[in-house]
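One letter stands for each residue in the lines below.
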Amino acid sequence: VSYDGKVIRISELAELTASHPLVEKSIWTLGLHAAELYDQLVFNVIDAASNVYRPNSKAADTSLVHTDRIGYADFAALLALHQDQGARPFDGGDYVFVCPPQVNSALLLDPDYKAANQFGDPGKLWRGEVGRLAGLRVVTSNAPSFAATTQAGAGQSSKVYSSFMVGRFAYQVVDLQSLETNVVPPGGATDVLKQSYKIGYKFSQKSVISNQNWLRRVRSSGLNSVTNP
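Residues numbered from 1 in each chain as written. Predicted model: local features only at pLDDT ≥ 70, side-chain atom pairs only at ≥ 80, totals over all residues. Heavy atoms only, no water.

Novice: When you look at unusual backbone geometry in this model, what are you seeing that I'm missing?
Specialist: One can expect most non-glycine residues to show negative phi and most peptide bonds to be in trans. Positive phi is not limited to glycine here, since Ser-57 has a value of about 60°. The topology assignment puts Ser-57 in the loop between strand S2 (52-53) and helix H3 (72-84). On the basis of relative accessible area, Ser-57 is assigned to the exposed category, the value being 72%. One non-glycine residue, Phe-169, lies in the positive phi region at around 70°. For Phe-169, the location among the structural elements is in the loop between strand S7 (159-166) and strand S8 (171-174). By relative accessible area, which is 46% here, Phe-169 ends up partly exposed. (Helix = DSSP H or I, 4+ residues; strand = E, 2+ residues; numbered from the N terminus. Buried < 20%, exposed > 50% of the residue type's maximum accessible area, 1.4 Å probe, protein only.)

As structure tokens, then:
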């Protein structure tokens, strides 16, 4: 179980001289921090999934080149893998593919995606939205946890991204209903002169993969990946 939180200290001088409402801004900052931390904790669990898929049958991240991007053919392969394993789809009959922006942008350049939408739903092309493709619902996240990693091979610097092909009930999250926000007024043993007060939050949660066969960690290049000479 993860038990996490953050505290912001607001000094008397800062409150007197600040040009914006410190309490409201602090609460907004803490809310954003809590959401991103929660997302990071879930990401850390599912990014350790035992089943890994790479485009073009690449065996390792060090083998990926900038053209190893996810496309329609990969979606069809992932769909078959999940259906073979009896993975449950979400409401509407689709599985979910969660990816960072660079992987989503690479999908937008896939010729099969463009051919499927240029006449049937050209609005997707203008909006930069993949939407549904080959039985997968594409969801894009720019959360910090989806940042690229760099290849570990000697002389390599191409960016590699984690995306996830998810079936329903593939993983579970229990938040224990423990999110708390606390305010400590000025004074006390550590603030005898009453010069500051503190605002903070804490929560506890647990994430677990409940069925490895219904989850695929997808490692691929993004639009900004390069191939070293």
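Novice: What's the story with the environment of Ser-50 in this structure? I'm lost.
Specialist: Along the polypeptide, Ser-50 turns up in the loop between helix H2 (22-46) and S2. Under the relative-accessibility criterion, Ser-50 is labelled exposed at 52%. Considered as a pair, Ser-50 and Ala-147 are 97 residues apart in the sequence and their alpha carbons are 20 Å apart.

Novice: Please clarify how the pattern of salt bridges should be interpreted in this entry.
Specialist: Taken as a whole and judged by the stated rule, the model has seven salt bridges. We note a salt bridge from Arg-54 to Asp-61, for which the minimum N-O separation is 2.9 Å. Comparing Arg-54 with Asp-61 shows no difference in burial state: the two are buried. The salt bridge involving Arg-132 is made with Asp-94; its shortest N-O contact spans 2.7 Å. Taken together, the positions of Arg-132 in strand S4 (residues 132-133) and Asp-94 in the loop between H3 and strand S3 (95-99) put the pair 38 residues apart, joining distant regions of the chain. Residue Asp-94 is classed as buried on the basis of its relative accessible area of 10%. Ionic contacts of the salt-bridge type, sharing partners, join the residues Arg-54, Asp-61 and Arg-219 into one network. (Salt bridge = Lys/Arg side-chain N within 4 Å of Asp/Glu carboxyl O.)

Novice: Explanation requested: the packing of aromatic side chains in the structure shown.
Specialist: By convention here, two paired aromatic rings are described through the distance between centres and the angle between planes. Applying the stated criterion across every chain yields a total of six aromatic pairs. On the basis of an interplanar angle of 80° and a centroid distance of 5.5 Å, the ring pair of Phe-43 and Phe-164 is categorised as edge-to-face. Of this pair, Phe-43 sits in helix H2 while Phe-164 is found in strand S7, placing the two residues 121 residues apart along the sequence. Judged by its relative accessible area of 9%, Phe-43 is buried. Judged by centre distance (6.0 Å) and plane angle (10°), the ring pair of Tyr-201 and Phe-203 falls under stacked. Aromatic ring contacts, followed pair by pair, group Tyr-38, Tyr-201 and Phe-203 into a single cluster. (Phe/Tyr/Trp six-rings, centres within 6.5 Å; stacked < 30°, edge-to-face > 60°.)

Novice: Explain the environment of Val-160 here, please?
Specialist: Here Val-160 shows up in strand S7. The sequence separation of Val-160 and Gly-31 amounts to 129 residues, and the corresponding C-alpha distance is 29 Å.

Novice: So what exactly am I meant to see when it comes to the nonpolar core here?
Specialist: Across soluble globular proteins, nonpolar side chains have a tendency to be buried as a group. Membership of the largest hydrophobic core comes to 33 residues, with the highest contact counts inside it found for Ile-70, Phe-75, Phe-97, Leu-107, Val-138, Phe-164 and Leu-215. Those elements that provide at least two residues to this core are H2, H3, S3, helix H4 (101-108), strand S5 (136-140), S7 and strand S11 (215-220). Of all the elements, S3 adds the most residues to this core, at five residues. (Core = buried A, V, L, I, M, F, W, Y, C linked by side-chain atoms within 4.5 Å.)

Novice: Where do I start with the side chain of Ser-225 in this structure?
Specialist: Along the polypeptide, Ser-225 turns up in the segment after S11. Separated by 2.6 Å, the side chain of Ser-225 and the backbone oxygen of Lys-159 make a polar contact. One polar contact links the side chain of Ser-225 to the main-chain amide nitrogen of Gly-222, over a distance of 2.9 Å. Beyond its immediate chain neighbours, meaning those up to four positions away, Ser-225 contacts His-66, Ser-158, Lys-159 and Tyr-161. (Polar contact = N/O pair within 3.5 Å; in protein donor to acceptor, adjacent residues only side chain to side chain. Contact = heavy atoms within 4.5 Å.)

Novice: How should H3 be read in this particular structure?
Specialist: For an α-helix the count is 3.6 residues per turn, leaving residues at separations of three or four pointing the same way. The terminal C-alpha atoms of H3 lie 18 Å apart, and with 13 residues this matches the ideal 18 Å at 1.5 Å per residue to within 8%. Here H3 has its buried residues at Asp-74, Phe-75, Leu-78, Leu-79 and His-82. Looking straight down H3, one finds that the buried residues subtend no more than 140° of arc, so they occupy a single side. When the buried face of H3 is taken as reference, the exposed residues oriented beyond 90 degrees from it are Ala-73 and Asp-84. In the segment just after H3, Gly-86 is the residue with positive phi, at about 70°. (Expected span 1.5 Å × (residues − 1). Arc of directions from axis to C-beta.)

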